[in-house]
Amino acid sequence: MNKEDNFGRLLALLLITLGICLGMYYLPDTLFGQKIKKVDLLSDLRVKTRSLSMDSLRRQLEEPDTLQIDSVALRDSVVRSTGIDSAALALRDSLYNVMYSVQGADSLGTHIEDYSVGHIGLKRFFAALRKRDELKRPVRVAFLGDSFIEGDIVVADLRSALQKAFGGRGVGFVPIASVAAQFRPTVELQSKGWRTWSMLTDHEHGYTLSGMMFEPEGETASVSVKTTHRYPELETVSSLKFLYEQNTGTLMNLHYNGLPDTIREALPPATGITQYEQKGTFTEASFSFTATEGFRALGVALEDNSGVVVDNYSLRGNSGMILTRLDSARCRSLNEVRPYDLIILQYGLNVVSDSVMQYGWYRSRMLEAVRHVQSCFPQADVLLLGVSDRSHQEDGTFETMPAVLALLHTQRQIARQAGIPFWNTFGGMGGENSMVRFVENNWASKDYTHLSFRGGREVATALFNALLLEKEFYDEADKVAY
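Rules of the game
- Residues numbered from 1 in each chain as written.
- Predicted model: local features only at pLDDT ≥ 70, side-chain atom pairs only at ≥ 80, totals over all residues.
- Heavy atoms only, no water.
- Helix = DSSP H or I, 4+ residues; strand = E, 2+ residues; numbered from the N terminus.
- Buried < 20%, exposed > 50% of the residue type's maximum accessible area, 1.4 Å probe, protein only.
- Contact = heavy atoms within 4.5 Å.
- Areas by Shrake-Rupley, 256 points an atom, 1.4 Å probe, with all protein chains shown as cover.
- Expected span 1.5 Å × (residues − 1).
- Axes fitted to C-alpha atoms, helices over the stretch in contact; angles between N-to-C directions.
- Parallel < 35°, antiparallel > 145°, perpendicular 65-115°, else oblique.
- Left-handed = near helix turned anticlockwise from the far one by under 90°.
- Nonpolar A, V, L, I, M, F, W, Y, C, P; charged D, E, K, R; others polar.
- Pairing = 2+ DSSP bridges.
- Phe/Tyr/Trp six-rings, centres within 6.5 Å; stacked < 30°, edge-to-face > 60°.
- Lys NZ or Arg CZ within 6 Å of the ring centre and 35° of its normal.
- pLDDT = per-residue confidence, 0-100.
- Salt bridge = Lys/Arg side-chain N within 4 Å of Asp/Glu carboxyl O.

A. The arrangement of the overall build of the protein in detail. The number of helices and strands found in the protein is twelve helices and 21 strands. Buried residues in the protein amount to 50% of all 482 residues. Restricting the contact set of the protein to residue pairs at least 6 apart, pairs at least 24 apart contribute 77%. When the accessible surface of the protein is summed, it comes to about 22,500 Å², and 52% of that surface belongs to carbon and sulfur atoms.

Below you can see the structure in the form of structure tokens.
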């Protein structure tokens, strides 16, 4: 047998072996009910490339941000809008750096990263807390987010912690209808006869923070709410409110606390957001409406008119970028009846993707959204939360998606450019692969994305502690500067 024949046979054998390996790589995930481990000839190279990518992303989070910020323009803007002089702002900067011994990024989520000039990004909120007994209204927080906070996950425990520390009762705003109504444990909600409009799909109407509005489908419509015992602060409230934004001659019947008496009256006409209120002691209420032509409603509020109120404005599937479409006039109208001191923005789960590692496009659009929220609610501070941990499966093991780190870096840049406070939710959860630990502890669902209520308590506690730490800085800075 000559050398050419040997070479030909060897080549044929190699090709057959390669074909078999490739065929084994493209086998289905399961066969006859059994999970199959695929053959991947490039697995070592793939792991190395993935590791290099994660190392690069980690360094990006830890190194000083090279994003160019016009700090002089930001400082001048702060001086004009607040009346605080440059010397006082510089003193606050110095105190901030001494207190935290670090400037900027916090990988652990232990403190708020305040990127405002003079670190006054939460000054309005903390001032409202300090003067809450003089406000003659509750300190109000609006918590905007996606399905991460749906059903009051995270928000419920943050609300409870704030109300325990600073007073107040009640769940706050509740939309007329919600996809999460059946599993939300902080309020019982039932509604009938409404058509739901959402700014996710509707571009004809104007919207405010809830991103939803409701119109009766026929001549009658109803909604009922009932308090729960999930948290002591939610059991009873002293103020029952109904919010609507359009009305001509709607008639309302109101039953509350299971009493036989009925309040019957015509709702005042309205072309802007209007609040109907009853005061007393409430545990449940049922509203029914007739003569509803032209009637447009938003929701019910169960709360006290003192302490702290935290409204959950979750909207499943929201990336946050649609906030640029908030109607300024409606937001001003809402602010007249429900003035907010702090607006928290939680987004990212509907943006992060395994196939995307560059989020500059998101930075520009979300920066525009943040600035629009600021213009709609100029009396409120805005706090941006970073994306939470999310895992994907690699070779049978769940681990943090590299894209999470990339998006987190982008969100921190948004906060720097906007000059607002930022909190690292990813770090507050424990950083890399924390979602795996959450799932193992039953603190998160098996999709390795969404938290359970127990996991929400962990995140809420970390955020609350970061806010308290930031409040200490404000208390000390105000003593020194003023």
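B. Helix α9 (residues 402-418), seen in detail. With 17 residues, α9 should cover 24 Å at 1.5 Å per step; its first-to-last C-alpha distance of 25 Å lies within 8% of that length. Here α9 lies mainly inside the structure; 16 of its 17 residues are buried. Trailing α9 by a residue or two, G419 shows a phi angle of about 70 degrees, which is positive.

C. Summary view of the packing of helix α8 (residues 360-376) against α9. α9 packs onto α8 with a crossing angle of 40 degrees between their chain directions and a minimal axis gap of 9 Å. Viewed along their axes, α8 and α9 adopt a mutual orientation that is oblique. Relative to α9, α8 is oriented so that their crossing is right-handed. Between α8 and α9, the contacting residues are Y362, R363, M366, L367, V370, R371 and Q374 on the first element and L407, T410, Q411, Q413, I414, Q417 and A418 on the second. Residue classes in the contact of α8 with α9 are distributed as seven nonpolar, five polar and two charged.

D. Representation of the sheet that holds strand β11 (residues 251-256). Taken in spatial order, the five strands of this open sheet run β6-β9-β14-β11-β12, and their pairing is antiparallel. In this open sheet, the two edge strands, each paired with only one partner strand, are β6 (188-192) and β12 (263-266). For this sheet, the mean inter-axis angle between neighbouring strands, taken without regard to orientation, is 15 degrees. Where β11 and strand β14 (residues 284-290) come together, six bridges link them in antiparallel fashion. If you follow L254 over to β14, its bridge partner there is F287.

E. Representation of the packing of aromatic side chains in the model. Applying the stated rule across the entire model yields 20 aromatic pairs. Seen in terms of ring centroids, F287 and F289 are 6.3 Å apart; in terms of plane orientation they differ by 5 degrees. Their pairing is stacked. By relative accessible area, F289 is classed as buried at 1%. Seen from their ring centres, Y359 and W361 are 6.1 Å apart, and the 40 degrees between their planes marks the pair as tilted. Look at Y359 and you get buried, because its relative accessible area is 1%. Given a relative accessible area of 39%, W361 falls into the partly exposed group. Ring pairs connect the aromatic residues W194, F242, Y244, F287, F289 and F295, which therefore count as one cluster. Above the face of the F453 ring, R230 is positioned so that its terminal group lies 5.1 Å from the ring centre.

F. View of the confidence of the model for the protein. Per-residue confidence for the protein gives a mean pLDDT of 87, with 79% of residues at or over 70. Within the model, the stretch residues 33-38 combines pLDDT values under 50 with 14 contacts to residues more than four positions away or in other chains. Confidence drops under a pLDDT of 50 for residues 41-49, and excluding neighbours within four residues, the segment shows four contacts in the predicted structure.

G. Structural context of the pattern of salt bridges. Applying the stated criterion to the full structure yields 20 salt bridges. Where E277 meets K241, a salt bridge forms, and the shortest distance between an N and an O atom there is 3.8 Å. Residue E277 is located in strand β13 (residues 274-282), and its partner K241 is located in strand β10 (residues 237-246); the two are separated by 36 residues in the primary sequence. Assessed through its relative accessible area of 29%, E277 is described here as partly exposed. A single salt-bridge network, built from bridges that share partners, covers R140, K241, E277, E303, D311 and R338.

H. Region of interest: the side chain of H372. Within the secondary structure, H372 is located in helix α8. Look at H372 and you get buried, because its relative accessible area is 16%. Leaving out residues up to four positions away in the same chain, H372 has contacts with L323, T324, L326 and S328.

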